[in-house]
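Structural description and commentary
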Amino acid sequence: MFASRRKQHYWPYSMDCSGNEAHISSCKLGSHLTVDAEKNVTCENGMPAVVSCVPGRAFAPSSHSGFRKAFRQEQPLVRLKGGANTGEGRVEVLKNGEWGTVCDDNWNLVSASVVCRELGFGSAKEAITGARLGQGMGPIHLNEIDCTGFEKSVTDCKFNTESQGCNHEEDAAVRCNVPAMGFQNQLRLSGGRNPYEGRVEVLAERNGTLRWGTVCSDNWGTVEAMVVCRQLGLGFASHAFQETWYWHGDVSADSVVMSGVKCSGTEMSLAHCRHDGAHVSCPRGGGRFGAGVSCSETAPDLVLNAELVEQTAYLEDRPMFMLQCALEENCLASSAANTSITSGYRRLLRFSSQIHNNGQSDFRPKNGRHAWVWHDCHRHYHSMEVFTHYDLLNLNGTKVAEGHKASFCLEDTECEADVQKQYECANFGEQGITVGCWDVYRHDIDCQWIDITDVPPGDYLFQVRKRGLETTPVAVIHPL
């Protein structure tokens, strides 16, 4: 009705789209419409074109967020990884239960648009080649993709299953057109030294009035910070802060308006994460204890070689007298404190781990060498007290045993053919993992295990968490 009341100005051509175009400007022009000079109209017998869009998966995240589901949740066949912002990333496809990448041979805007539409975004803004959004791991499932643009999934397109001549330096990626949802207007960073850091302040309704306030920092971590940085279009989260007294934010926004925030990491807005709603509970209060973030346009992407863990895993019954340094560094279960040093032993699940940096920047410990901690028993420095968590879960998902690995030597063990090693632990050298390199912790190194002495026989899930970020499920194991 509103459209019929307004005086419209029309483009003097009709549109002739086939439906597979990446952008409306790519459509063919239809017939030229005659212009009535007196009425100054070109669509005398028509109406303005109107579209109605159905939200995709990313725009209907969950029932608790208040967004109505517009689709039936299914196991996705395609995902985007390694992108800084919503709707961009390396294209990965699920095939035979294993995620793999797409070779960029013949990769174009039409095929990229099929991926974007499948994921619930608009058409593709850019078809990215040359692994510019990071290299993947594992198989290369699709090569020489040839889409018409009408397919519902990129897996319906013609493609070559052979990937000879392709490697992960040719992983395809996309940057999709994303609807302007206004999420960035509901959040701001305050008091930082630059636009990429600061105390997180959200716009919330209280007593019928919109007001800015802080987020409770209890259990605030990197995953929550990732959602904030993505929502603001600032890239990746480099740090999450639970104290922000050094950032003087807006005093009128000191009050806490959001608490109990727990994100999965895929949300488009902090408001989509689980939180306490109007029943705010934050014993420490806001102000100096408000949650904060630091964002970065690039970031490392640490990926575990799960296959190596499976290949190298074994059980060892190790005498307690050989585990005194491990006990000192909390690498054993708590019951180890009551185990006899002379006659006791611990049952250890041992394995090697290989961590690849497939991101866009080097991974470095947060602390410089001056802040590394010396451990006298093992006679080495720790650049990070916990680099990797190892968890053993029962089939219900409950943790039954855990281990961790401190980074006493974080270095470039090996690199891709054209990548130069930069980090080496010898002679108190700099620690880190260069893009395109990987660090290996062998199974025979202290603390490279999970103490399963108290775990009864059965089937369990083994997962690895890197720096509190994404978990990597490794295998079902059967301790005897």
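Our subject is the structure listed above.
An account of the accompanying structure is given in this report. (Residues numbered from 1 in each chain as written. Predicted model: local features only at pLDDT ≥ 70, side-chain atom pairs only at ≥ 80, totals over all residues. Heavy atoms only, no water.)

A surface patch of nonpolar side chains, about 510 Å² in accessible area, is lined by Trp11, Tyr13, Met15, Ile24 and Leu29. If you trace the backbone, Ile24 turns up in the loop between strand E1 (13–16) and strand E2 (28–32). Residue classification places Ile24 among the exposed residues on the basis of a relative accessible area of 56%. (Patch = residues over 30% accessible without salt bridge, like charges linked within 9 Å, V, L, I, M, F, W, Y side chains within 5 Å. Areas by Shrake-Rupley, 256 points an atom, 1.4 Å probe, with all protein chains shown as cover. Salt bridge = Lys/Arg side-chain N within 4 Å of Asp/Glu carboxyl O. Helix = DSSP H or I, 4+ residues; strand = E, 2+ residues; numbered from the N terminus. Buried < 20%, exposed > 50% of the residue type's maximum accessible area, 1.4 Å probe, protein only.)

A word on the sheet that holds strand E16 (residues 302–304). Spatially, four strands are ordered E16-E19-E25-E24 in an open sheet, and the strand pairing comes out antiparallel. What marks the edges here is a single partner per strand, and that holds for E16 and strand E24 (414–415). (Pairing = 2+ DSSP bridges.)

Sheet architecture is open: three strands sit in the order E17-E18-E26, paired in antiparallel fashion. Strands with a single pairing partner mark the edges of an open sheet, and in this sheet they are strand E17 (314–319) and strand E26 (449–451). On average, adjacent strands in this sheet sit at an angle of 35° to one another, irrespective of strand direction. The sheet contact formed by strand E18 (residues 345–350) and E26 spans three bridges and is antiparallel. (Axes fitted to C-alpha atoms, helices over the stretch in contact; angles between N-to-C directions.)

Attention now goes to the packing of aromatic side chains. Counting across every chain of the model gives seven aromatic pairs. Between Trp245 and Tyr246 the ring centres are 5.1 Å apart and the planes differ by 75°, which places this aromatic pair in the edge-to-face class. Exposure remark for Tyr246: the relative accessible area of 34% places this residue in the partly exposed category. Pairing Phe351 with Tyr390 gives two aromatic rings, centres 4.8 Å apart and planes at 90°, and the pair type is edge-to-face. One end of the pair, Phe351, is in the loop between E18 and strand E19 (353–357); the other, Tyr390, is in strand E22 (residues 384–393), and 39 residues separate them in sequence. Neither residue differs from the other here; Phe351 and Tyr390 are each classed as buried. Clustering of aromatic rings is evident, with ring pairs tying together Phe241, Trp245, Tyr246 and Trp247. Over the face of the ring belonging to Trp99 we find Arg79, whose NZ or CZ atom lies 4.1 Å from the ring centre. (Phe/Tyr/Trp six-rings, centres within 6.5 Å; stacked < 30°, edge-to-face > 60°. Lys NZ or Arg CZ within 6 Å of the ring centre and 35° of its normal.)

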